[in-house]
Amino acid sequence: MTTTASRRAGAGAVRVPPGDPAPAAPPSPGAEPARSAPSGGSGPTRSAPAGRPEPARAAPVSGPELREFMRNWATGVAVVTSRLAGRPVGCTVNAFTSVSLRPPLLLVSLARTSRTLTAITAEGGFAVNLLDRRQRDLADRFATATGDRFAGVAHRTVDGLPLLDGAMAVAVCAVTQFIGAADHMLVLGSPYWCEAGDDADPALFLGGRYWTVSPA
């Protein structure tokens, strides 16, 4: 299925360059989040007995610990693309999701140091390419290769944004917002063109390796 709309679907978008301040820091260890009283509850809110302080919150997990936790979360694999100085650029991501249907919004998370983020900021648009399981070599290439990652890679363009041949589904987006989040930038985009094939056979990533999908 293919849908089209004006390229400037994101007109009036808020543009925030990557160097702008990130959101406020998270609460310090030991801080307790606010709690709302239960709606329609049958009794008063319970609190810790007098003279017995609530336990301090433990310190955050380390980056490697979080990475190990996330290895247990199965995701699809996508390549986010844009163009920089007229040349196609892109990188592999699995931090990608839909945010809203009314209006339609997609989100990708990119490191602040990402060349692809630099391209998206300058271009004001990006494309998302959802990879087929037979494109695992492209997933690796766009995750690790240096230099011109598009060298020898078959692709076409919509509004100058590169789309990988053979991708399971593609969407082209106008940037609507950048949100700083620690060492990453969350990029929200309004999709104005998308296309999907009939035979979905996605690349699946879990535990640091690729898997195939079988119907339940």
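Each remark here, short or long, concerns the structure printed above.
Residues numbered from 1 in each chain as written. Predicted model: local features only at pLDDT ≥ 70, side-chain atom pairs only at ≥ 80, totals over all residues. Heavy atoms only, no water.

J.: Explain the layout of surface pockets to me, and be specific about the residues and the numbers.
T.: Estimated volume of the largest pocket: approximately 1400 Å³. Taken together, 43 residues make up the lining of the largest pocket; nearest its centre are Thr92, Val93, Asn94, Ala95 and His184. For the lining of the largest pocket, the elements supplying multiple residues, two or more each, are helix H1 (63-70), strand S4 (87-93), strand S6 (104-111), helix H2 (115-123), helix H3 (136-144) and strand S12 (204-206). Per-element accounting of the lining of the largest pocket gives the leading share, 7 residues, to S4. Looking at the lining of the largest pocket, its residues break down into 21 nonpolar, 14 polar and 8 charged. (1 Å grid on protein atoms, 1.4 Å probe; cavity = no way out; pocket = protein on both sides within 12 Å on 5 of 7 lines; lining within 4 Å. Points joined across faces, edges and corners; volume = space filled by probe spheres on them. Helix = DSSP H or I, 4+ residues; strand = E, 2+ residues; numbered from the N terminus. Nonpolar A, V, L, I, M, F, W, Y, C, P; charged D, E, K, R; others polar.)

J.: Please set out the nonpolar core residue by residue, giving values where relevant.
T.: Of all hydrophobic cores here, the largest spans 17 residues; its most connected members are Val108, Leu110, Ile120, Phe126, Phe178 and Val187. At the level of secondary structure, the elements contributing two or more residues to this core comprise strand S3 (78-84), S4, S6, H2, strand S7 (125-130), strand S10 (169-181) and strand S11 (184-196). Counting residues per element, this core draws most heavily on S10, which supplies 4 residues. Within the second largest apolar cluster, 11 residues are counted, among which are Val77, Ala139, Phe142 and Phe150. (Core = buried A, V, L, I, M, F, W, Y, C linked by side-chain atoms within 4.5 Å. Buried < 20%, exposed > 50% of the residue type's maximum accessible area, 1.4 Å probe, protein only.)

J.: Which residues make up the pattern of salt bridges, and what are the values?
T.: For the structure shown, the criterion picks out 7 salt bridges. Between Arg83 and Glu123 there is a salt bridge; the shortest N-O distance is 3.1 Å. Here Arg83 is found in strand S3, whereas its partner Glu123 is found in helix H2, with 40 residues between them in sequence. When salt bridges that share partners are traced, they join Asp132, Arg133, Arg134 and Asp201 into one network. (Salt bridge = Lys/Arg side-chain N within 4 Å of Asp/Glu carboxyl O.)

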